[in-house]
Amino acid sequence: MTSTLREGDKTMWTYLRRWLLLALALGSLGWSAAAALAQPDPAQLAKAVESVEYLDQLRHGLAASLAGSSPAGVDAETFKQVCRPVAVQAQALAQENGWQVKQIAQKYRNPEHAPDNLHATMALARFQRDPELIGFWEREVLAGQRGIRYYRRINVEASCLACHGPKDSRPAFIVSKYPQDRAYDFKVGDLRGMYAVFIPEEEESPQ
């Protein structure tokens with residue numbers, strides 16, 4: 001089973017996000033007190049959601065600096081200043097918490113961001129079908145490890161189009177650096193991709 005967050009819940013969730021989302025997650029996943037012993041610490045579930053929201057706000061704020069920019073005005077240095085900090089923060093979250101934190105997209109620029117399993121492919125399809133769906137949890141097994149993965153949508157904003165607009169208008173360094181690039185021809189409001197945070201289960205202690 002999964003726990004979901006929709007666009008209409010966003011305002012309330014902003015104020016009560018820690019405890020409301022945690023209640024939704026635990027309730028919808030059918031947890032009991034005993035079952036929780038073999039699951040990630042509930043505090044980590046809330047922390048993961050808050051961390052992803054911070055990550056998305058970072059992305060939004062940095063991308064806003066490109067508002068009104070033409071593709072010709074975007075170079076490799078701009079890319080480092082706008083996109084790199086989000087990847088660095090994601091890596092820091094993963095190392096600090098023992099999570100796996102990724103950005104995943106069907107139309108990816110970096111092949112490392114391609115869907116890494118069937119669950120991820122299905123999650124992208126779910127976001128595509130339901131534009132109001134913001135995020136949801138799923139139990140998964142990733143690289144042989146059981147855990148819970150949080151998926152959170154990323155939408156295309158106007159500032160994204162300087163690099164992700166028409167294929168023939170992409171910045172020259174993008175064309176050169178990413179020969180397998182698929183991340184173009186987007187429009188504002190399109191699904192760009194998603195964040196995926198995998199939290200491994202804690203192993204039960206021997207009785």
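All of the points below concern the structure found in this document. Computed from a predicted structure; not experimentally measured.

Observations concerning the overall build of the protein
So, point 1. Counting its secondary structure elements, the protein contains seven helices and five strands.
So, point 2. When the helices and strands of the protein are placed in sequence order, the string is β-α-α-α-α-β-α-β-β-α-α-β.
So, point 3. In the protein, which comprises 207 residues, the share counted as buried stands at 43%.
So, point 4. Restricting the contact set of the protein to residue pairs at least 6 apart, pairs at least 24 apart contribute 69%.
So, point 5. Carbon and sulfur atoms make up 54% of the accessible area of the protein, which amounts to about 11,000 Å² in all.

Quick look at the side chain of Glu138
So, point 1. Within the secondary structure, Glu138 sits in strand E3 (residues 133-142).
So, point 2. Among buried charged residues, Glu138 stands out as having no salt bridge; its nearest opposite-charge side chain is Arg126, 4.5 Å away.
So, point 3. Looking at Glu138, its side chain comes within polar contact range of the side chain of His119, at 3.2 Å.

With respect to the nonpolar core
So, point 1. Core analysis: the biggest nonpolar cluster contains 18 residues, and Val101, Trp137, Val197 and Ile199 have the highest contact counts within it.
So, point 2. In contact with Val101, other than residues within four places in its own chain, are Leu55, Ala90, Leu93, Ala94, Ala196 and Val197.
So, point 3. Listed in part, the eleven residues of the second largest apolar core include Ala120, Leu124, Leu133 and Tyr151.

Observations regarding the pairing of strand E5 (residues 191-200)
So, point 1. Most of E5 is tucked away, with nine of its ten residues classed as buried.
So, point 2. As paired elements, strand E2 (residues 100-104) and E5 share five bridges and run antiparallel to each other. Paired with Gln100 across the strands is Phe198, a residue of E5.
So, point 3. Where strand E4 (residues 145-155) meets E5, nine bridges bridge the pair, whose relative direction is antiparallel. Across the sheet, residue Asn155 finds its bridge partner in E5, namely Leu191.

Calculation notes
- Residues numbered from 1 in each chain as written.
- Predicted model: local features only at pLDDT ≥ 70, side-chain atom pairs only at ≥ 80, totals over all residues.
- Heavy atoms only, no water.
- Helix = DSSP H or I, 4+ residues; strand = E, 2+ residues; numbered from the N terminus.
- Buried < 20%, exposed > 50% of the residue type's maximum accessible area, 1.4 Å probe, protein only.
- Contact = heavy atoms within 4.5 Å.
- Areas by Shrake-Rupley, 256 points an atom, 1.4 Å probe, with all protein chains shown as cover.
- Lys, Arg positive; Asp, Glu negative; His and termini not counted.
- Salt bridge = Lys/Arg side-chain N within 4 Å of Asp/Glu carboxyl O.
- Polar contact = N/O pair within 3.5 Å; in protein donor to acceptor, adjacent residues only side chain to side chain.
- Core = buried A, V, L, I, M, F, W, Y, C linked by side-chain atoms within 4.5 Å.
- Pairing = 2+ DSSP bridges.

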